[in-house]
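What follows is the residue order along each chain.
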Amino acid sequence: GPKQSACLSYVNLMYIYPQNLRFSKVKNPNIVIQISLRDEDLDPNGEGRKAFYIRGENSPNETYAHTSAMFHEKRPSFSDEIKIQLPYAPNPNTHLMFTFLDVKPNSKKGKEETIIGYAFMPIFKQKAIIKDGEYNLPIATQLVPNYRKAEELRFIKWSDIRKSMFSFKIKTVSTIFPQDDNLQVFLESFTSESVERFVSNVRHCNKTLGINYFPVLINELFYIICDKSENAAREAFVSLLTILPWINHAQLLSYVTHLFRGVKNVKKSIHEELFRHWIAIFAESKYSSLPEYPHWFLFEIAIKSIVITTSNSGDLGKTESKSARCSSQFYKSTQGLLVLLLKNSRSWK
């Protein structure tokens, strides 16, 4: 089943599984599919990115991958797996190119390859990776330069009036490009002002993907809580309360211990903002009976944040400055929060 743990190491791969192919006008073909990943379409037969893995290799070293040959089959079925290294930044021009070859191995000139068709498809749509699943593409018998441009499509020669004749499946395994639209929109908008409109999207993302991406999500929610408008910060805190119950104790503890390093380049401290929003949210009647979630995690984050802030200011170890390490409002928030939590102790885990 889907991985129920956080993605803590970089991976950015796509797997291609050619399925079925139908040719009606080629006599006794020996079909091989050549697959490339391209950023431009000036030359239909040009090279693509060095993005393909050879079996047994740990890095992508090839600009092409080939399927097994299907001999004398006009409607072959394939069982190959093609592994591709995806680019780390979305590019609307990046596309998969499938070149269909008729291979004649017994020719007097040695192996001869004749191109009998092409199919192509972009892998990014509006900066998001295409969805996993099965795709069906028409086959072109001849392409022209700039073949992906709308104004050039009329010059392409299509086989069988553009009926879908090639099918394949895609599976993406990436810590950069999630398959969930809500996550994708939130992560894509994070560096822009529009993040305030999409912060609530996190609450509606696929739960398993939320678990996979939770270190990134929590980091970004913490940043919004400390740096954005009051309304955006409140929405970020509610989103935080939503996703925390998805994560198991060991993963949350690992985040606190190994990954949390404070929230940098912001004017507000995360411990003060967490407690301020926490008490405000709990004071509202609709949040007074929140489902069980790990209160201890927020306290651990607050404690570590105080230590980091104090250490950075040079006050760590100075007993005379203890009372000034946090604002008076933080102490009031802490007292009020403890009272509310005790009143709602049934929600403690």
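About the cut-offs
Residues numbered from 1 in each chain as written. Predicted model: local features only at pLDDT ≥ 70, side-chain atom pairs only at ≥ 80, totals over all residues. Heavy atoms only, no water. Core = buried A, V, L, I, M, F, W, Y, C linked by side-chain atoms within 4.5 Å. Buried < 20%, exposed > 50% of the residue type's maximum accessible area, 1.4 Å probe, protein only. Helix = DSSP H or I, 4+ residues; strand = E, 2+ residues; numbered from the N terminus. Contact = heavy atoms within 4.5 Å. Polar contact = N/O pair within 3.5 Å; in protein donor to acceptor, adjacent residues only side chain to side chain. Axes fitted to C-alpha atoms, helices over the stretch in contact; angles between N-to-C directions. Parallel < 35°, antiparallel > 145°, perpendicular 65-115°, else oblique. Nonpolar A, V, L, I, M, F, W, Y, C, P; charged D, E, K, R; others polar.

Colleague: Sorry, what's going on with the nonpolar core here?
Modeller: Generally speaking, nonpolar side chains in soluble globular proteins are found buried as a group. Core analysis: the biggest nonpolar cluster contains 51 residues, and Phe222, Leu240, Leu274 and Phe297 have the highest contact counts within it. Residue assignment for this core shows that the elements contributing at least two residues are helix 1 (181-189), helix 3 (207-212), helix 4 (214-227), helix 5 (230-243), helix 6 (249-259), helix 7 (270-283), helix 8 (295-313) and helix 9 (328-343). For this core, the element with the most residues is helix 4, which contributes eight residues. Sequence-distant contacts of Leu240, defined by excluding residues within four places in its chain, comprise Ile218, Leu221, Phe222, Ile225, Leu274 and Leu298. Ranked by size, the runner-up nonpolar core spans 34 residues in total, among them Ile35, Phe166, Ile170 and Phe177.

Colleague: In this structure, what is going on with helix 1? I would like to understand it.
Modeller: Working note: α-helix, 3.6 residues per turn, so residues spaced by three or four point in the same direction. Burial in helix 1 covers these residues: Leu183, Gln184, Phe186, Leu187 and Ser189. Of the surrounding elements, those touching the buried residues of helix 1 are strand 9 (128-129), helix 2 (195-198), helix 3 and helix 4. The N-terminus of helix 1 is capped by Asp180, whose side-chain oxygen sits 2.9 Å from the backbone nitrogen of Asn182.

Colleague: I tried to follow the side chain of Thr63 on my own but got confused; where do I start?
Modeller: Of note, Thr63 is situated in the loop between strand 2 (30-38) and strand 3 (65-66). Taking the relative accessible area as the measure of exposure, Thr63 reaches 14% and is therefore buried.

Colleague: When you look at the packing of helix 7 against helix 8 in this model, what are you seeing that I'm missing?
Modeller: If you want to describe how two helices pack, look at the angle between their axes and the distance between the axes. One can describe the packing of helix 7 onto helix 8 by two numbers: an axis separation of 8 Å at closest approach and a directional angle of 150 degrees. Between helix 7 and helix 8, the interaxial angle falls into the category roughly antiparallel. In this structure, helix 7 uses Ile270, His271, Leu274, Phe275, Trp278 and Phe282 to contact helix 8, whose residues at the interface are His295, Leu298, Phe299, Ile301, Ala302, Ser305, Ile306 and Thr309. Its residues assigned to classes, the contact of helix 7 with helix 8 shows ten nonpolar, four polar and no charged.

Colleague: I tried to follow the environment of Phe120 on my own but got confused; where do I start?
Modeller: Among the secondary structure elements, Phe120 is positioned in strand 7 (residues 112-122). Looking at Phe120, the relative accessible area reads 16%, which means it is buried. For the pair Phe120 and Leu96, spaced 24 residues apart in sequence, the C-alpha separation works out to 5.4 Å.

Colleague: How should I be thinking about unusual backbone geometry in this particular structure?
Modeller: Outside of glycine, negative phi angles account for most residues, and trans bonds account for most peptide bonds. Of note, Gln126 is a non-glycine position whose phi angle comes to about 55 degrees, a positive value. Exposure remark for Gln126: the relative accessible area of 81% places this residue in the exposed category. Phi is positive for Asn146, which is not a glycine, with a value near 60 degrees. In this structure, Asn146 sits in the loop between strand 11 (140-142) and strand 12 (157-158).

Just geometry here; none of it tells us what the structure is for.
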